[in-house]
Every structure is written in structure tokens, then in C-alpha cells.
Amino acid sequence: DPKKALQLLDPIEQMSFQELSDWYKGTGFPPEKRLGKNELGKLAMMVTIWEALRLSELQKECGKHGIDVAGDSSTDVEQVAKLRLVENLLLHEQMKRWEA
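Participant: What's the story with the pattern of salt bridges in this structure? I'm lost.
Facilitator: Two side chains carrying opposite charge are able to pair once their charged atoms lie near each other. The full count for this structure, using the stated rule, is three salt bridges. The salt bridge involving Glu57 is made with Arg54; its shortest N-O contact spans 3.2 Å. Given the relative accessible area of 30%, Glu57 is considered partly exposed. Residue Arg54 is classed as exposed on the basis of its relative accessible area of 53%. Note that Lys96 is salt-bridged to Glu93, the shortest N-O span being 3.2 Å. With a gap of three residues between them, Lys96 and Glu93 both fall in helix H5 (residues 78-99), about one helical turn apart.

Here you go:
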């Protein structure tokens, strides 16, 4: 739903560099001087979208990026499984950047 997407992403576009840096720090990744406002905003938007996906959609997204979803089945509590997949996607994005 495009309207819902805009509602989720609009607050991120309004965030200051400091707010985005604080968000990034909360992800558990070490501080990076090379990350500018645009990169931080892009990461925050991706995570927001991933968090809004249903578990099945999140599993497909992980599969597109070659991220293993083994163990993330219906026997897992859905929220825990989603959190793990979102973290894996964020790690994947950072690894791509670090390897570039």
C-alpha cells in the first residue's frame, strides 16, 4: 500500500543526521565516520520496510539476497523470526558496503 509506505517513511526523511546516527548506534553496529545522512536514511528506510513485511514476505526478501532462512519456520514465534531476518538483512546491506 503506497499510502502506508509513505506514512512509514516520511518521518525518516524528516530526521536529522544526529537522529539517524542515534538510530544507527541502536542497531549495534560500530560507529562509522563514512556514513552520511543519505546512507543512514536509506538504511533506516530499508529496515522500516522490512519490519513492516509479513514473515513470509521477509523470508522471500532474504532469499533474494542469499540469506539463509533455515530455522525461521512457523514453529518460531513470528516476531522473533522477523527480528532475526531484519537483522540479517541489515547485516547483509552493511557487508555489501564494507566490501565495496
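So that's the structure; there's more coming.
Participant: Even after reading the chapter, I still don't get the packing of helix H2 (residues 17-26) against helix H3 (residues 37-52), so can you show me in this structure?
Facilitator: Relative orientation and spacing of two packed helices are given, respectively, by the angle between their axes and the distance between those axes. Where H2 contacts H3, the two axes come as close as 9 Å, and the packing angle between them is 55 degrees. What the angle tells us is that H2 and H3 run oblique. Of the two elements, H2 crosses H3, and the hand of that crossing is left-handed. Between H2 and H3, the residues in contact are Phe17, Leu20, Ser21, Trp23 and Tyr24 and Lys37, Leu40, Gly41, Leu43, Ala44 and Val47, respectively. In terms of residue class, the contact of H2 with H3 is built from eight nonpolar, two polar and one charged.

Participant: Any chance you could explain the side chain of Thr48 here in plain terms?
Facilitator: By the secondary structure assignment, Thr48 is in helix H3. In this structure Thr48 touches Leu8, Leu9 and Ile12, once residues within four positions along its chain are discounted.

Participant: Help me understand the packing of aromatic side chains, please; the structure alone is not making it clear to me.
Facilitator: Tallied over the entire structure, the rule returns three aromatic pairs. When the centroid spacing of 6.5 Å and the interplanar angle of 50 degrees are considered together, the rings of Trp23 and Tyr24 count as tilted. Trp23 gets classed as partly exposed once you look at its relative accessible area, which sits at 25%. Given a relative accessible area of 4%, Tyr24 falls into the buried group. Where Phe29 meets Trp98, the ring centres are 5.7 Å apart and the plane angle is 70 degrees; that geometry is what we call edge-to-face. One end of the pair, Phe29, is in the loop between H2 and H3; the other, Trp98, is in helix H5, with 69 residues separating them in the sequence. Residue Trp98 is classed as partly exposed on the basis of its relative accessible area of 35%. The rings of Trp23, Tyr24, Phe29 and Trp98 are connected pair by pair, giving a single aromatic cluster.

Participant: It is not clear to me how the environment of Trp50 should be interpreted in this structure. Could you clarify?
Facilitator: On the secondary structure map, Trp50 appears in helix H3. On a C-alpha basis, the gap between Trp50 and Val80 in space is 14 Å, while along the polypeptide they are 30 residues apart. Each residue touching Trp50, except ones within four places of it in the same chain, is listed here: Leu58, Glu61, Val86, Leu89, Leu90 and Glu93.

So, how was this worked out
Residues numbered from 1 in each chain as written. Predicted model: local features only at pLDDT ≥ 70, side-chain atom pairs only at ≥ 80, totals over all residues. Heavy atoms only, no water. Salt bridge = Lys/Arg side-chain N within 4 Å of Asp/Glu carboxyl O. Buried < 20%, exposed > 50% of the residue type's maximum accessible area, 1.4 Å probe, protein only. Helix = DSSP H or I, 4+ residues; strand = E, 2+ residues; numbered from the N terminus. Axes fitted to C-alpha atoms, helices over the stretch in contact; angles between N-to-C directions. Parallel < 35°, antiparallel > 145°, perpendicular 65-115°, else oblique. Left-handed = near helix turned anticlockwise from the far one by under 90°. Contact = heavy atoms within 4.5 Å. Nonpolar A, V, L, I, M, F, W, Y, C, P; charged D, E, K, R; others polar. Phe/Tyr/Trp six-rings, centres within 6.5 Å; stacked < 30°, edge-to-face > 60°.

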